[in-house]
Amino acid sequence: MTKFQKDADWLDFCAHPSRPRFVPPPGAVDAHCHVFGPGEVFPYAPERKYTPCDASKAQLFALRDHLGFSRNVIVQATCHGADNRALVDALHSADGLARGVATVRDTVSDAELAELHAAGVRGVRFNFVRRLVDPKPDAYYRAIIDRIAPLGWHVVVYFEAADLAERWDFFTSLPTTVVVDHMGRPDVSQPVDGPEFQRFVRLMREHGNVWTKVSCPERLSQEGPPGYDDVVPFARHLVEQFPDRVLWGTDWPHPNLKSHMPDDGQLVDVIPKIAVTAELQRRLLVDNPMRLYWA
Ligand code: 0GY
């Protein structure tokens, strides 16, 4: 019994995902996933906007093996705020097979940053999604970048497509590699060559330090499983235009989904539809994440 009760409408992750038909190349990296708690050991943050189900490191590593992946990049989620203890614990248990993206405050000490780096953290995440965090002024994020850039870390940003225009100047001023979560969350009912998605494509075309995760069909799709076919053209476009700056992740345990919980095996089976050659698959799943997180 956890001391934190998950939200009443919380959907638990799929307990028995299917085995995917697609076999990932050797050394494949799931570059976007989370650990939650367990809340009894690693309490959820007081400022959180949701309380999830627990999702442990052991369950994450079992999923990695089941899906045929070799490594994880574990991303700090907002329900843990800037308390990275669950993340660090998972990294320490991963035998070098996991790296992390942390959340830190502008007051983080050098010693804390050094400890995170030693554990395997290689980036910080700035979350601009208003249902997940309260907004902060740009100066707050810039102060953090001044601290993490010397470590060679990058920045992961999460925002909604409608907010890109407003944040354009800020994002394009960042000196580090910038990784955008979930393709900047396009509205997939709009065309790939429409103005909204083309603004995101322009961001990547004009700024060679911007990468993206071609992840979360389950979050973006209106058609839904098993194929998530309405999301495929968006992800495929980015993989083909920017083959050296794309990453893929499960987003396990899929926080805040309200309509359906994906079968993670089906999510893996989307990969050959968005990366249609063995070479594109290798870059997406192995070369790119290894360069960013294990170099
Ligand atoms: C994701 C997506 C979500 C949650 C978070 O940090 C978070 O809480 O990122 C979401 O609710 O869209 O990537 O995990």
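Refer to the structure presented above.
Residue positions are counted from 1 within each chain, in the order its sequence is given. Only residues with pLDDT of 70 or above have their local features reported here, since the model is predicted, and side-chain atom pairs are shown and tallied only from 80 upward, although totals for entire chains, interfaces and linings are computed over all residues. Side-chain calculation: all heavy atoms of the structure are included, whereas hydrogens and water are not.

Draft legend 1. Expanded view of the site of the ligand. Near is defined per residue: the residue qualifies when any heavy atom it owns lies within 4 Å of the molecule or strand. Neighbouring residues of the ligand: 16 residues in total, closest His34, Tyr50, Thr78, Tyr158 and His182. We call two N or O atoms a polar contact when they sit within 3.5 Å, provided that within protein one can donate a hydrogen and the other can accept it, with sequence-adjacent residues counted only if both atoms are side-chain atoms. In the environment of the ligand, an oxygen atom lies 2.9 Å from a nitrogen or oxygen atom belonging to the side chain of His32. Within the contact set of the ligand, an oxygen atom lies 3.0 Å away from a side-chain nitrogen or oxygen of Asp251. Coverage of the ligand by the protein amounts to 100% of the 350 Å² it exposes when considered alone. The protein chains shown are the only cover counted for residues, whose accessible areas, like all others here, come from Shrake-Rupley with a 1.4 Å probe.

Draft legend 2. Highlighting the state of the cysteines. By definition, disulfides here are pairs of cysteine sulfur atoms that lie within 2.5 Å. On inspection of all chains with the given rule, the structure shows zero disulfides. Cys33 supplies the cysteine sulfur nearest to Cys216, a cysteine that is in no disulfide, at a spacing of 11 Å. Classification of Cys216 by relative accessible area gives buried; the value is 0%. For each residue, the accessible area found with a 1.4 Å probe, counting protein chains only, is set against the maximum for its type, and the residue is called buried under 20%, exposed over 50%, and partly exposed in between.

Draft legend 3. Representation of unusual backbone geometry. Of the consecutive residues Pro225 and Pro226, the connecting peptide bond is found in the cis state with omega at 0°. Working definition: helices are DSSP H or I runs of at least four residues, strands are E runs of at least two. Numbering for both runs from the N terminus. Following the sequence through the fold, Pro226 ends up in the loop between α7 (217-220) and α8 (232-241). Cis rather than trans, the peptide bond between Trp252 and Pro253 has omega equal to 0°. As for its position among the elements, Pro253 is in the loop between β8 (246-247) and α9 (264-268). Within the chain, Asp251 stands out as a residue other than glycine whose phi angle is a positive 65°. The residue Asp251 is located in the loop between β8 and α9 in this model.

Draft legend 4. Looking closely at the pattern of salt bridges. We define a salt bridge as a side-chain nitrogen of Lys or Arg found within 4 Å of a carboxyl oxygen belonging to Asp or Glu. Evaluated as defined, the whole model comprises 20 salt bridges. In this structure, Arg147 engages Asp110 in a salt bridge whose closest nitrogen and oxygen atoms are separated by 2.7 Å. Within this pair, whereas Arg147 is found in helix α4 (residues 138-148), its partner Asp110 is found in helix α3 (residues 110-119), the two being separated by 37 residues in sequence. Between Arg202 and Glu206 there is a salt bridge, with its nearest N and O atoms 3.3 Å apart. Taken together, the residues span about one helical turn, with Arg202 and Glu206 both in helix α6 (residues 195-206) at a distance of four residues. We classify Glu206 as partly exposed; its relative accessible area is 45%. Taken together, the shared-partner salt bridges in this structure form one network comprising Arg125, Asp181 and Lys213.

Draft legend 5. How the structure looks around the nonpolar core. Nonpolar core, defined: a set of buried Ala, Val, Leu, Ile, Met, Phe, Trp, Tyr and Cys residues in which side-chain atoms within 4.5 Å join the residues together. Within the largest apolar cluster, 90 residues are counted, with the highest numbers of intra-cluster contacts made by Val214, Leu238 and Trp248. We call two residues in contact whenever any of their non-hydrogen atoms come within 4.5 Å of each other. With residues up to four places along the chain from it excluded, the contact list for Trp248 reads Val29, Asp30, Ala31, His32, Phe69, Val214, Leu267, Val268, Ile271, Ile274, Leu284 and Leu285. One finds Val101, Val179, Trp211 and Leu292 within the second-largest nonpolar core, a separate group that totals twelve residues.

Draft legend 6. View of α6. Given a helix with a known number of residues, its expected span is that number minus one, times 1.5 Å. Helix length check: α6, at twelve residues, gives a terminal C-alpha distance of 16 Å against a target of 16 Å (1.5 Å per residue), a fit within 8%. Contacts from the buried residues of α6 go to α5 (164-172), β6 (178-180), β7 (210-213) and α8.

Draft legend 7. Geometry of the environment of Asn288. Relative to the assigned elements, Asn288 resides in helix α11 (residues 278-293). Overall, the relative accessible area of 0% leaves Asn288 in the buried class. Separated by 41 residues in sequence, Asn288 and Leu247 have C-alpha atoms that sit 6.6 Å apart. For Asn288, the contacting residues outside a window of four places in its chain are Trp211, Pro243, Asp244, Arg245, Val246, Leu247 and Arg283. Of note is the side chain of Asn288, whose polar atom sits 3.1 Å from the side chain of Arg291.

Draft legend 8. Representation of the packing of aromatic side chains in the model. In this scheme Phe, Tyr and Trp rings, the latter by its six-membered ring, pair at centre separations within 6.5 Å, and the angle between planes marks the pair as stacked below 30 degrees, edge-to-face above 60, and tilted otherwise. A full pass over the atoms with the stated rule returns 15 aromatic pairs. With 5.4 Å between their ring centres and 90° between their planes, Tyr140 and Tyr141 make a pair best called edge-to-face. Put simply, the rings of Phe126, Phe128, Tyr140, Tyr141, Phe159, Phe170 and Phe171 pair up and form one aromatic cluster. One Lys or Arg, Arg71, reaches over the ring of Trp294 and ends 5.3 Å from the middle of that ring. Seen from the ring of Tyr140, Lys136 lies directly overhead, with NZ or CZ sitting 5.1 Å from the centre. We call a charge positioned over a ring when the NZ of a Lys or the CZ of an Arg lies within 6 Å of the ring centre and within 35 degrees of the ring normal.

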